[in-house]
Amino acid sequence: MIARITPGTLSGTVPAIASKSVAHRVIIAAALANGTTHVICNTTCADIDATIRCLETLGARVERVEDGFRVHPIPKSQEHGILRALAGGTLDCGESGSTLRFMLPVACALGADATFTGARRLGERPLDPLDRELIAAGCELEGLGALPLTARGRLRPGRFELPGDVSSQFISGLLLACPLLGQPSEIRVTGRIESKPYVTLTLQALASFGVPVEVEHAFVSETEVTCYRLDGSAYRTPGEVSVEGDWSNAAFWLCAGAMGTEPITVTGLSLSSAQGDRTVMAALSRFGARMRRGTGSATAQPDHLSAFTLSAQDVPDLVPILAAVASVAHGRTIIQDCRRLRLKESDRLTTTAGELTALGAQVRVAGDDLLIRGVEALSGGAVEAHNDHRIAMMAAIAATRCTGPVEIYGAEAVDKSYPLFFEHYRALGGNVELIDA
Ligand SMILES: O=C(O)C1=C[C@@H](OP(=O)(O)O)[C@@H](O)[C@H](O)C1
Ligand SMILES: C=C(OP(=O)(O)O)C(=O)O
């Protein structure tokens, strides 16, 4: 699909969609719990649907109800305190890194023989060293390094070791698996944990399903070590759980407000959320935008924007859209610590720089940093989404500051996290024509 945009400012109010990250976690926990859970979740997307599909393959029943889902857990047998899923099969993770990295350890913990498949770049995104930990704890993995990948055997409880700098999803995946092991476990993470707020989201989901996790930080020979200890408690349904609004996607509208000429408000957000991407508020303030916090809402008002230096360590998903803001902010913005962006749906470091440059921005990659020199206005032109939802959405927001039309090729990529994106774009006054290619 091609999105053809005639530049114009966006303004008004838009409701936040449900947090993809929170939804993955609570739907998985619900499918592993001891009874039915009503998950209030106002929207879905291709990635959430992928997680649901995998859980259904393992025997969960997920009913779509008006305000979300009723999740009936995976049937399990229990012998000598050991749980086992009754069903295995082929788990299609689509393009969702979270789904694969969460469901692989979960399937191993359930002793479900499962073959994982996926699309596009998913097979190239790393599983190492999560895979080594699973093998060391008794599982057999066939086809490593690509998809399909087959897992057999059953994960043993005990101590798991991971580095903190590859993907926080490995830590989250093991955390989600541990309550199925019936005995205490420990996950020991060495080095600073990047994307750490996502691990906090996992701990919150576990807590709401009755699984306490003790966290201990220490320095061993000047290296940070974080230990997550689980006491063997199993998932217990709270009956009902609500998925909060998504800050990662709200960020696109707030950035559009900061870059435009009129305020934009996003409603349905938790202002005390543990989502790391909530820091978009602080980042836009640092750029000079006027940010307002309401009751469950956030507003960005445009102002004179100027450059500053920030780190992507905890907020990799904000980089494309903050780079778009920086491309019209006065001065030189540096976004540091972008190494892991190379491992997303596209090599996001290269695609962010390349596609903003295609629209007339001055952006370049220097090692693991992104350097952006702000310009008065962007020109417009043709952009390739590289099958990456955040690149397609970045281009659509950058288009609001272009002097000429913008065409986004592969705009359907937005469906991965935000199928309503162009509908909301229009609701805010955006002029976009969607053409089937
Ligand atoms: O756990 C999660 O929900 C996510 C963790 C992050 O990945 P990394 O930990 O690999 O940076 C983030 O980029 C991804 O979009 C969602
Ligand atoms: C990288 C993302 O998701 P995932 O890792 O789950 O594919 C994303 O949503 O930007």
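Residues numbered from 1 in each chain as written. Chains lettered and ligands numbered in written order. Predicted model: local features only at pLDDT ≥ 70, side-chain atom pairs only at ≥ 80, totals over all residues. Heavy atoms only, no water.

If you look the protein up in an unreviewed UniProt entry, it shows as 3-phosphoshikimate 1-carboxyvinyltransferase from [Collinsella] massiliensis. In the Sequence similarities (unreviewed entry) part of its UniProt record, the protein is described as follows: "Belongs to the EPSP synthase family." The record in UniProt for the protein states the following under Subcellular location (unreviewed entry): "Cytoplasm". (UniProt positions renumbered as here; feature names shortened; annotations may be inferred.)

### Section: the pattern of salt bridges
All chains considered together, the criterion is met by 25 salt bridges. Across the pair arginine 229 and glutamate 216 runs a salt bridge, and its minimum N-O distance is 3.0 Å. Taken together, the positions of arginine 229 in strand β15 (residues 223–230) and glutamate 216 in strand β14 (residues 213–220) put the pair 13 residues apart, joining distant regions of the chain. Of the charged contacts in the structure, one is a salt bridge between aspartate 303 and arginine 290, with a shortest N-O distance of 3.2 Å. Here aspartate 303, found in the loop between β19 (297–301) and β20 (309–311), pairs with arginine 290, found in strand β18 (residues 290–293); they are 13 residues apart in sequence, far enough to count as distant. A single network of salt bridges, built from pairs that share partners, joins Lys20, Asp47, Asp317, Glu345, Arg348, Asp388, Arg390 and Lys416. (Salt bridge = Lys/Arg side-chain N within 4 Å of Asp/Glu carboxyl O. Helix = DSSP H or I, 4+ residues; strand = E, 2+ residues; numbered from the N terminus.)

### Overview of the domain arrangement of the protein
For the protein, the domain assignment lists domain 1 (2–17 + 245–435) and domain 2 (20–236). Each of domain 1 and domain 2 was reduced to a C-alpha centroid, and the two centroids are 30 Å apart. Counting residues at the interface gives 29 residues for domain 1, matched by 25 residues for domain 2. Around 2200 Å² of area is buried between domain 1 and domain 2 when both sides are counted, 43% of it from carbon and sulfur atoms. Applying the counting rule to domain 1 against domain 2 returns 4 salt bridges. Note that arginine 192 and aspartate 314 form a salt bridge whose closest N and O atoms lie 3.3 Å from each other. Linking domain 1 with domain 2 are 20 residue pairs in polar contact (both at pLDDT 80 or more). Grouping the amino acids of the side of domain 1 that touches domain 2 by side-chain chemistry returns 8 nonpolar, 8 polar and 13 charged. (Domains from an automatic or database assignment. Contact = heavy atoms within 4.5 Å. Buried area = accessible area lost by both parts, 1.4 Å probe. Polar contact = N/O pair within 3.5 Å; in protein donor to acceptor, adjacent residues only side chain to side chain. Nonpolar A, V, L, I, M, F, W, Y, C, P; charged D, E, K, R; others polar.)

### Things to note about the sheet that holds strand β12 (residues 159–163)
The 4 strands lie next to each other as β12-β13-β15-β14, forming an open sheet whose pairing is mixed. In the strand order of this sheet, the two ends are held by β12 and β14, each with one partner. Put simply, the sheet's adjacent strands are angled 20° from each other on average, direction ignored. Pairing of β12 with strand β13 (residues 185–190), which is carried by 5 bridges, proceeds in the parallel orientation. By the bridge assignment for β13, phenylalanine 160 is matched with isoleucine 187. (Pairing = 2+ DSSP bridges. Axes fitted to C-alpha atoms, helices over the stretch in contact; angles between N-to-C directions.)

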